Amino acid sequence: MSILTLNGDIVFKSAGLVARYDRENALQLTKELAVHLNNRGIKVFIEDSLTDKTDIQAETISLKEMKTDFIIAIGGDGTILRACINSPKPEPPILGINMGARGFLTEVEPEDAFKAVDRILEGNFRIEKCTKLSAKIDNETLPDALNDVVISAGEPSKILYTEICKDGKAIMKCQADGLIVATQTGATGYSLSAGGPVLDKGVDAILVTPICSLTVFKSLVFPTESEITLNVIRPKTMFIMIDGNYHYRKSEKELSVKITKSKNVSSFIRFENDFYERLSCRLLFQGPR
């Protein structure tokens, strides 16, 4: 990523376009934005998975190689999470355009897309940096999570027996369908659906929320610098899902996953939109689209 500065202003030279595959209007908006960006002198790249779904005249590139100055994600939270988990590190800042069911992570609606792009090119925006989680199993490092790391037995209604440790010290045992380890960002996702709390933007923490727990606790909130280790007591199979995109299964006699704050962050392009405005308008009172 090469963001240049001219007289104190941010100058973007390239943009990457990522879109959900199943919405014709999302693909059409992607095409129109590519033309708009080109007309503004911006080099445009589109995710290579869109090649056979649209006739956009732009260079194609995989998400893993999209080292552009910023990324425009046209879709819902799933599209944004896919971009975050696959884009090169450090991650380019993302503008989310809402074409999803909730779109909590997105910033603008489709009708405001062109105005938003113009504001970005004029330097009229701010960057919001969000903490990510790093998960390790033995010596293997899994992709970073912006929202959450979910651990389960991998079968519906099969109880997972775990020991929860903080900084190497066992603090409690849990019997549940699974455990969700979430960031402040992820507190409004699966964790919230499982009964976990919403965390204010000023609370940068690691949240552990059980799924259908037999143990009497709702959630645990740890300082963000904590090292959380989940030791699987039984069964001897562990299934991990990261941000709903990356799946990992392992069967061994001794299973554990260590979760810490990642050295990487995800960055989002924001305008006036406020956290509690998004919370009330897009999450708490959002109906079907």
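Just so it is clear, the structure is predicted and the values come from calculations on it, not from any experiment.

A.B. asks: What am I meant to see in the overall build of the chain here?
C.D. replies: Within the chain, the regular secondary structure consists of 5 helices and 19 strands. Against the compact-globule benchmark of 19 Å for 289 residues, the chain has a radius of gyration of 20 Å, which places it among compact chains. The dimensions of the chain, computed from C-alpha atoms along their principal axes, are 60 × 40 × 35 Å. A buried classification covers 53% of the 289 residues belonging to the chain. In the chain, the share of contacts with a sequence separation of at least 24, taken over all contacts with a separation of at least 6, comes to 67%. Accessible surface for the chain amounts to roughly 13,200 Å². Of this, 50% is attributable to carbon and sulfur atoms. Counting 36 positive and 38 negative side-chain charges, the chain places the centres of these two groups 5 Å from one another.

A.B. asks: Just checking my understanding: could you explain the packing of helix H1 (residues 24–39) against helix H3 (residues 113–121) for this structure?
C.D. replies: Each pair of packed helices can be summarised by the angle the axes make with each other and by the distance between the axes. Look at H1 against H3: their axes get within 11 Å of each other, and the N-to-C directions meet at 35°. Seen from above, H1 lies across H3 with right-handed handedness. Touching Leu29, Glu32, Leu33, His36 and Leu37 of H1 are Ala113, Phe114, Val117 and Asp118, all from H3. Its residues assigned to classes, the contact of H1 with H3 shows 6 nonpolar, 1 polar and 2 charged.

A.B. asks: Help me understand the sheet that holds strand S10 (residues 148–152), please; the structure alone is not making it clear to me.
C.D. replies: Two orientations exist for strands paired in a sheet by backbone hydrogen bonds: parallel and antiparallel. The 6 strands are arranged S15-S14-S13-S10-S17-S18 in an open sheet whose pairing can be described as antiparallel. Strands at the two margins of the open sheet, each flanked by one partner only, are strand S15 (220–223) and strand S18 (246–251). The mean angle between the axes of side-by-side strands here comes to 20°, regardless of whether they run parallel or antiparallel. Of the pairings in the sheet, the one linking strand S17 (residues 237–242) to S18 comprises 6 bridges and is antiparallel in character. Across the sheet, residue Ile240 finds its bridge partner in S18, namely Tyr248.

A.B. asks: It is not clear to me how the state of the cysteines should be interpreted in this structure. Could you clarify?
C.D. replies: Simply put, disulfide is the name for a covalent bond between the sulfur atoms of two cysteines. What the rule picks out here adds up to 0 disulfides. You can see Cys130 has no disulfide; the closest cysteine sulfur is in Cys84, sitting 8.3 Å from it.

A.B. asks: Would you take a moment to explain the packing of aromatic side chains for this structure?
C.D. replies: Geometrically, a pair of aromatic rings is defined through the distance of the ring centres and the angle of the planes. A full pass over the atoms with the stated rule returns 2 aromatic pairs. Centre to centre, the rings of Phe12 and Phe70 are 4.8 Å apart; their planes meet at 40°, and the pair counts as tilted. In this pair, Phe12 is assigned in the loop between strand S2 (9–11) and strand S3 (14–19) and Phe70 in strand S6 (residues 70–75), connecting sequence segments 58 residues apart. On the accessibility criterion, Phe70 (0% relative accessible area) is buried. Ring geometry for Phe12 against Phe125: centres 5.8 Å apart, planes inclined by 25°, an arrangement best described as stacked. Taken together, the residues span a long stretch of sequence, with Phe12 in the loop between S2 and S3 and Phe125 in the loop between H3 and strand S8 (126–137) at a distance of 113 residues. For the pair shown, Phe12 and Phe125 are each scored as buried. The ring of Phe45 carries the charged tip of Lys43 above its face, separated from the ring centre by 5.6 Å.

A.B. asks: Would you take a moment to explain unusual backbone geometry for this structure?
C.D. replies: Pro90 follows Lys89 through a cis peptide bond whose omega is -5°. Here Pro90 is to be found in the loop between helix H2 (77–86) and strand S7 (94–98). In this structure, the amide linkage connecting Arg234 to the following residue, Pro235, adopts the cis form with an omega of 0°. The backbone of Cys212 sits at a positive phi, close to 50°, despite the residue not being glycine.

A.B. asks: In this structure, what is going on with the side chain of Ser191? I would like to understand it.
C.D. replies: Structurally, Ser191 is set in helix H4 (residues 190–193). A polar atom in the side chain of Ser191 sits 2.8 Å from the side chain of Thr209.

A.B. asks: Where do I start with the environment of Tyr190 in this structure?
C.D. replies: Residue placement: Tyr190 occurs in helix H4. The class of Tyr190 is partly exposed, set by a relative accessible area of 36%. Residues Tyr190 and Pro93, spaced 97 residues apart in sequence, show a C-alpha to C-alpha distance of 24 Å. Ignoring any residue separated from it by four or fewer positions in sequence, one finds Tyr190 in contact with Asp148, Val150, Ile180 and Ile211.

Quick notes on the rules
- Residues numbered from 1 in each chain as written.
- Predicted model: local features only at pLDDT ≥ 70, side-chain atom pairs only at ≥ 80, totals over all residues.
- Heavy atoms only, no water.
- Helix = DSSP H or I, 4+ residues; strand = E, 2+ residues; numbered from the N terminus.
- Rg over C-alpha atoms; globule rule 2.2 N^0.38 Å.
- Buried < 20%, exposed > 50% of the residue type's maximum accessible area, 1.4 Å probe, protein only.
- Contact = heavy atoms within 4.5 Å.
- Areas by Shrake-Rupley, 256 points an atom, 1.4 Å probe, with all protein chains shown as cover.
- Lys, Arg positive; Asp, Glu negative; His and termini not counted.
- Charge placed at Lys NZ, Arg CZ, Asp CG, Glu CD.
- Axes fitted to C-alpha atoms, helices over the stretch in contact; angles between N-to-C directions.
- Left-handed = near helix turned anticlockwise from the far one by under 90°.
- Nonpolar A, V, L, I, M, F, W, Y, C, P; charged D, E, K, R; others polar.
- Pairing = 2+ DSSP bridges.
- Disulfide = S-S within 2.5 Å.
- Phe/Tyr/Trp six-rings, centres within 6.5 Å; stacked < 30°, edge-to-face > 60°.
- Lys NZ or Arg CZ within 6 Å of the ring centre and 35° of its normal.
- Polar contact = N/O pair within 3.5 Å; in protein donor to acceptor, adjacent residues only side chain to side chain.

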